[in-house]
Amino acid sequence: MLTTRPRGTNDFLPNQVEKWQFIENQVRQLCAKWGYREIRTPIFEHTELFLRSVGETTDIVEKEMYSFEDKGFRHMTLRPEGTAGTVRAFLENKLYAQPQPTKLYYMGPMFRYDQPQAGRYRQFHQFGIEVFGVSDASIDAEVIALATTFFKTLGLNALTTKINTVGCSNCRPAHQEALRQYFSAHKAELCPTCLGRLAKNPLRILDCKNESCRKAAQNAPTTIEAACDDCRNHFEQLKSYLDGMNITYQVDTNLVRGLDYYTRTAFEVVINSVGSAQNAICGGGRYNSLLAQCGGEDMPGIGMAIGLERLLLTLEEQQIDLNFEVYPQVYIASLGEAAKKESFLLAMDLRNQGIYTEIDYLDRSLKAQMKGADRMQVKFTVIIGEEEIDKRQVQVREMSTSEQITVSIDELTHFLKERL
Ligand code: HAM
């Protein structure tokens, strides 16, 4: 127990963390160019926020939240996603009072009590963006384009962008009623959770992963059939913007997403190779009623989030090399007590001059130190013995050629800098 991490969590070791840092840098560069600024919100929020936004009849809220009571008897939840917290922060900090739109991005851990498997974890990381204050379909297209551009920059292939329109407060009530009627005739095929959803929110049944519910939903009335003229127009606009950018997409009329806050546009980017439930690498959509639902300004919003673990797994699967192992440039091997002290000070000097330097801390033999230097793949090994200290000189060995020359200690930094 003491040496086992909680199920569904990961340790990222140094060589993996360098890949994460690379991805994070790509995110920062892309967002800077597209005008998105970073926001950092708490890892936990009041449970009520997720009930109101993500929705009480969603899998996330019904089954997957890490909720707890704090010592002051407040109901708290580790964030299962980033949109709710960003909306809360936008309202609480009155960012709506600034000139719009507001374009934000975030990266960080999210928590869902999910069934752990490859690509599905209980603590996972998302890079997400949220835009507030724009109703126009051009921003829907921009959000999708940012995600696809990000994937393209990293060299990913075999991804499909699926889009749909899920209706709005005008057309949804009639659609919900049509679904209620349709599923009432299929009650026997619905799982207990969906039977509960039938009265409260039948749209959710379309997103159930249960095989029998999926079959029952096959001929259910779709959101596009029920869409009002405004929703249809918006969808047509979105498609024409995507066409204009040569972004290929599939219209998937079954796509309703697992969160309740969506209106109009909903989309996902899926990996073609994996046919399982973990194939969504990115999901997003518009949420025009969410801010008002949270008790704030009546302002439209849209966003998306990319699962970073799934992204890294896909990069690996597609053999896209993100090999960022870093090796020291210089190793200082020393022989004897005085030389060891000198090597320590010399290493500090070289590091201060910007040269990545390693030394021996373990009093190993010269042979063992040379072997260590080899393993670390350094370019140069500096060798200091008692005699060298007296003469204020060191031996510098270029590892690729095994050539060794004598350099004065005072000249060493200059010598190495010229050759590294
Ligand atoms: P979501 O589809 O629930 O959307 O999650 C977005 C992405 O997070 C998924 O496509 C997937 O890559 C990753 N993900 C989700 N659950 C897990 C898990 N258990 N393990 C690993 N990766 C996972 C949202 O979260 C929305 N907040 C997106 C959004 C932003 N919509 C509007 N703005």
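Read on for a plain summary of the structure. Note that this is a predicted model, so its numbers are computed, not measured.

**What about the overall build of the protein?**
And step 1. Each helix and strand counted, the protein has 16 helices and 16 strands in total.
And step 2. Against the globule reference of 22 Å for 420 residues, the protein gives a C-alpha radius of gyration of 28 Å, more extended than a compact globule.
And step 3. C-alpha extents for the protein along the principal axes are approximately 95 × 50 × 45 Å.
And step 4. A separation of at least 24 residues holds for 69% of the contacts in the protein among residues at least 6 apart in sequence.
And step 5. Summed over its atoms, the accessible surface of the protein is roughly 21,200 Å², and 48% of this surface lies on carbon and sulfur atoms.
And step 6. Measuring between centres, the 48 positive side-chain charges of the protein sit 3 Å from its 54 negative side-chain charges.

**Remarks on the environment of V396**
And step 1. Within the secondary structure, V396 is located in strand 15 (residues 393-398).
And step 2. For V396, a relative accessible area of 2% corresponds to the buried category.
And step 3. For the pair V396 and L412, spaced 16 residues apart in sequence, the C-alpha to C-alpha distance is 8.8 Å.
And step 4. In contact with V396, not counting residues within four places along its chain, are F380, T381, V382, E403, Q404, I405, V407, L412, F415 and L416.

**Examining the pairing of strand 14 (residues 380-384)**
And step 1. Within strand 14, five of the five residues are buried, leaving the element largely enclosed by the surrounding structure.
And step 2. Across the two faces of strand 14 the burial is the same, with F380, V382 and I384 and T381 and I383 all buried.
And step 3. Examined bridge by bridge, strand 12 (residues 330-334) and strand 14 share five bridges and lie parallel to one another. When the bridges of strand 14 are listed, A333 appears paired with I383.
And step 4. Inspection of the sheet shows strand 14 paired to strand 15 by four bridges, in the antiparallel sense. The partner of F380 across the bridge, within strand 15, is E398.

**A short note on the site of the ligand**
And step 1. Contacts to the ligand come from 27 residues, most closely from E81, T83, R112, E130 and Y262.
And step 2. One of the side-chain N or O atoms of Q126 is found 3.0 Å from an oxygen atom in the ligand.
And step 3. Y262 places a side-chain nitrogen or oxygen 2.6 Å from a nitrogen atom of the ligand.
And step 4. Notes on the ligand: free accessible area 660 Å², of which the protein chains cover 96%.
And step 5. Going through the elements one at a time, strand 6 (123-132), strand 10 (280-286) and strand 11 (301-307) are the ones with two or more residues in the shell around the ligand.
And step 6. Here the residues of the shell around the ligand sort into twelve nonpolar, eight polar and seven charged.

Thresholds applied
- Residues numbered from 1 in each chain as written.
- Predicted model: local features only at pLDDT ≥ 70, side-chain atom pairs only at ≥ 80, totals over all residues.
- Heavy atoms only, no water.
- Helix = DSSP H or I, 4+ residues; strand = E, 2+ residues; numbered from the N terminus.
- Rg over C-alpha atoms; globule rule 2.2 N^0.38 Å.
- Contact = heavy atoms within 4.5 Å.
- Areas by Shrake-Rupley, 256 points an atom, 1.4 Å probe, with all protein chains shown as cover.
- Lys, Arg positive; Asp, Glu negative; His and termini not counted.
- Charge placed at Lys NZ, Arg CZ, Asp CG, Glu CD.
- Buried < 20%, exposed > 50% of the residue type's maximum accessible area, 1.4 Å probe, protein only.
- Pairing = 2+ DSSP bridges.
- Near = heavy atom within 4 Å.
- Polar contact = N/O pair within 3.5 Å; in protein donor to acceptor, adjacent residues only side chain to side chain.
- Nonpolar A, V, L, I, M, F, W, Y, C, P; charged D, E, K, R; others polar.

Coordinates in, geometry out; function isn't part of it.
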